[in-house]
Structures are given as structure tokens and as C-alpha cells.
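Remarks on the overall topology
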Amino acid sequence: MNVISNIKVDGAPMGGLGDGEAIWHADMTYIDTPPMAAILHALELPPSGGDTYWANMYLAYEVLPADLKQRIKGRKAIHDASYNSAGQMRKGYKEVTDARQAPGAHHRLVRMHPETEPAMSLLGRRRNSYILGVSLDESEALLDELWAHATQPQFTFRQEWREGMCSFGINRLHAAPAR
């Protein structure tokens, strides 16, 4: 369980991601077995902002152009463990200067749901991601293309929070704008 908050206590943010914006990410894909879902529960809300955006990675993959599906078929990417979704370096890690050397789990870019079996894209986080087996330039270009596709408005949903509300996402990217 993680506390996500923009409240500061004695000048330090009490939440695990600080008090800034969380960029597009899928939770904990930097570990070998990431959680299947994320549940967010609004205990307290700022006067404005703080909404969460979810991206449907099943739908994004379903309509991915055939040539792009072919280019990522069977490929894996590094899911960087050194930075969190707010872009802050995690304790015990050092700056990554070459995405090919980033610490973290290696996951297939296309993943099947274990029970219902539709395919989805698994992107994790953009920073320091690298597609194994291709040049760094090719990996960067391909990841940029995949991220641009997956975060288009037709694949996203804006969660407008009310106190006490819960939101649940299964293997979907999500982000929260600055509060």
C-alpha cells in the first residue's frame, strides 16, 4: 500500500511520490511479478486538480496498426527500477545514463491476460525503458511511437475524484496531473 499525497509535514511530502505530478506509468512493472491491478482510494482531496487518467491498454493494443504489432511481437523491454512514477530516484539507486543498462525487470511488450486471454501492451514507464535486441535509437523511436499511441484520448479515461471514492485499474497505465 502506498500513500500518494501532496500534503507536507515539517516541509517534507508525506506521500511516497512527493507532491508533484505522476507521469504515465503502470504500477510496479520494475519487479518480476507486478501487481495485477491498482486500487486508488480518495481519503482527502485538494480544492482543485488531482484527477487520475487511466489508459486502456487492451483497446490500445487491439487497434494498434498491424505493422507495429509485428515490430513488437516477442520483444521484451527493461522496466527501469531506479526512478518512481514522479521521476524521483529511488533510494539505493544511481543515475542511469544508458537505458540499456537500467536496473529492473524485463517484460514482454505484449502480454496476455491469464484468464480471459486478450492481448495488451505492457509499457511500464517511459524513462529509461529499452527494448532488448534493437539499437538504442530504434528502441527510443519504437517506444515513443507506442507511448504516443497508447495515451491518445480515445484510450483514456479521466477519473474525477470525490472523497471516499475508489478507482480500480487492471493492467492499465495511469497518471495524475499536478495538484
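Read on for an overview of the structure. Here the residue index of a chain counts from 1 through its sequence in written order. Local features in this predicted model are restricted to residues of pLDDT 70 or higher, and side-chain atom pairs are both shown and tallied only at a pLDDT of 80 or more, whereas totals for entire chains, interfaces and linings draw on every residue. Note that the side-chain values use all heavy atoms of the structure and ignore hydrogens as well as water.

1. Examining the overall build of the protein
Within the protein, the regular secondary structure consists of three helices and 13 strands. Contact criterion: two residues are considered in contact whenever any of their non-hydrogen atoms come within 4.5 Å of each other. Long-range contacts, defined as pairs at least 24 residues apart, comprise 73% of the intrachain contacts of the protein with a sequence gap of at least 6. Throughout, the Shrake-Rupley method with a 1.4 Å probe supplies accessible areas, and for residues the shown protein chains are the sole cover considered. When the accessible surface of the protein is split by element, carbon and sulfur atoms take 51% of a total near 10,200 Å². Each helix is a run of DSSP H or I of at least 4 residues and each strand a run of E of at least 2, with the numbering of both proceeding from the N terminus.

2. Brief notes about empty space enclosed by the protein
Any residue with an atom within 4 Å of a point lines the site, the site being either a cavity, points on a 1 Å grid over the protein atoms alone where a 1.4 Å probe fits but cannot get out, or a pocket, an open set with protein on both sides within 12 Å along at least 5 of 7 lines. Grid points are joined across faces, edges and corners, and a volume is the space filled by probe spheres set on the points. According to the stated counting rule, one finds two cavities of 30 Å³ or more in the structure shown. Put simply, the second largest cavity is a space of about 40 Å³. If you go around the second largest cavity, the residues you meet are Ile23, Asp80, Tyr83, Asn84, Arg125 and Arg127. Residues that form the lining of the second largest cavity fall into these classes: two nonpolar, one polar and three charged. In this count, Pro and Cys sit with the nonpolar residues alongside Ala, Val, Leu, Ile, Met, Phe, Trp and Tyr, while Asp, Glu, Lys and Arg are called charged and the others, Gly among them, polar.

3. Observations regarding the nonpolar core
Counting 23 residues, the largest nonpolar core has Ile72, Leu109, Leu123, Ile131 and Leu146 as the members making the most contacts within it. The element that contributes the greatest number of residues to this core is helix α3 (residues 136-150), accounting for five residues. We call a set of buried residues a nonpolar core when its members are Ala, Val, Leu, Ile, Met, Phe, Trp, Tyr or Cys and they connect through side-chain atoms within 4.5 Å of each other. Each residue gets one of three labels from its accessible area relative to the maximum for its type: buried under 20%, exposed over 50%, partly exposed in between, using a 1.4 Å probe on protein chains only.

4. Side note on unusual backbone geometry
In this structure, Asp10 is a non-glycine residue whose phi angle is positive, near 55 degrees. When its relative accessible area of 82% is taken as the criterion, Asp10 is described as exposed. Even without being glycine, Asn128 reaches a positive phi, approximately 60 degrees.

5. Comments concerning the environment of Met57
As for its placement among the helices and strands, Met57 is situated in helix α1 (residues 57-62). By relative accessible area, Met57 is classed as buried at 1%. Met57 sits 66 residues away from Leu123 along the chain, and the two C-alpha atoms are 9.0 Å apart.

6. Concerning the packing of aromatic side chains
Here the aromatic set is Phe, Tyr and Trp, taking the six-membered ring for Trp, and pairing holds for ring centres within 6.5 Å; pairs whose planes are under 30 degrees apart are stacked, those over 60 apart are edge-to-face, and all others are tilted. With the rule as written, the count across this model stands at zero aromatic pairs. Directly above the aromatic system of Tyr30 lies the positively charged group of Arg90, at a separation of 3.8 Å from the ring centroid. The criterion for a charge sitting over a ring is simple: Lys NZ or Arg CZ within 6 Å of the ring centre, and within 35 degrees of the ring normal.

7. Concerning the sheet that holds strand β6 (residues 76-80)
Pairing within the open sheet is antiparallel, and its three strands lie in the order β7-β6-β10. Here the strands that pair on one side only, and so sit at the sheet edges, are β7 (104-108) and β10 (130-131). Should DSSP find at least two bridges between two strands, the strands are taken to pair. Looking at chain direction, β6 and β7 are connected through five bridges and run antiparallel. In the sheet register, Lys76 faces β7, and the bridge partner there is Arg108.

8. With respect to the pattern of salt bridges
For side chains of opposite charge, pairing can occur when their charged atoms come near one another. Should a side-chain nitrogen of Lys or Arg be within 4 Å of a carboxyl oxygen of Asp or Glu, the pair is scored as a salt bridge. Applying the stated criterion across every chain yields a total of five salt bridges. Between Arg158 and Asp51 there is a salt bridge, with the nearest N and O atoms lying 2.6 Å from each other. Here Arg158 is found in strand β11 (residues 156-159), whereas its partner Asp51 is found in the loop between β4 (37-41) and β5 (52-55), with 107 residues between them in sequence. For Asp51, a relative accessible area of 9% puts it in the buried group. Here Arg100 ties to Asp98 by a salt bridge, and the two come within 2.9 Å at their closest N and O atoms. Among the charged side chains, a network of salt bridges with common partners joins Arg126, Glu140 and Asp144.

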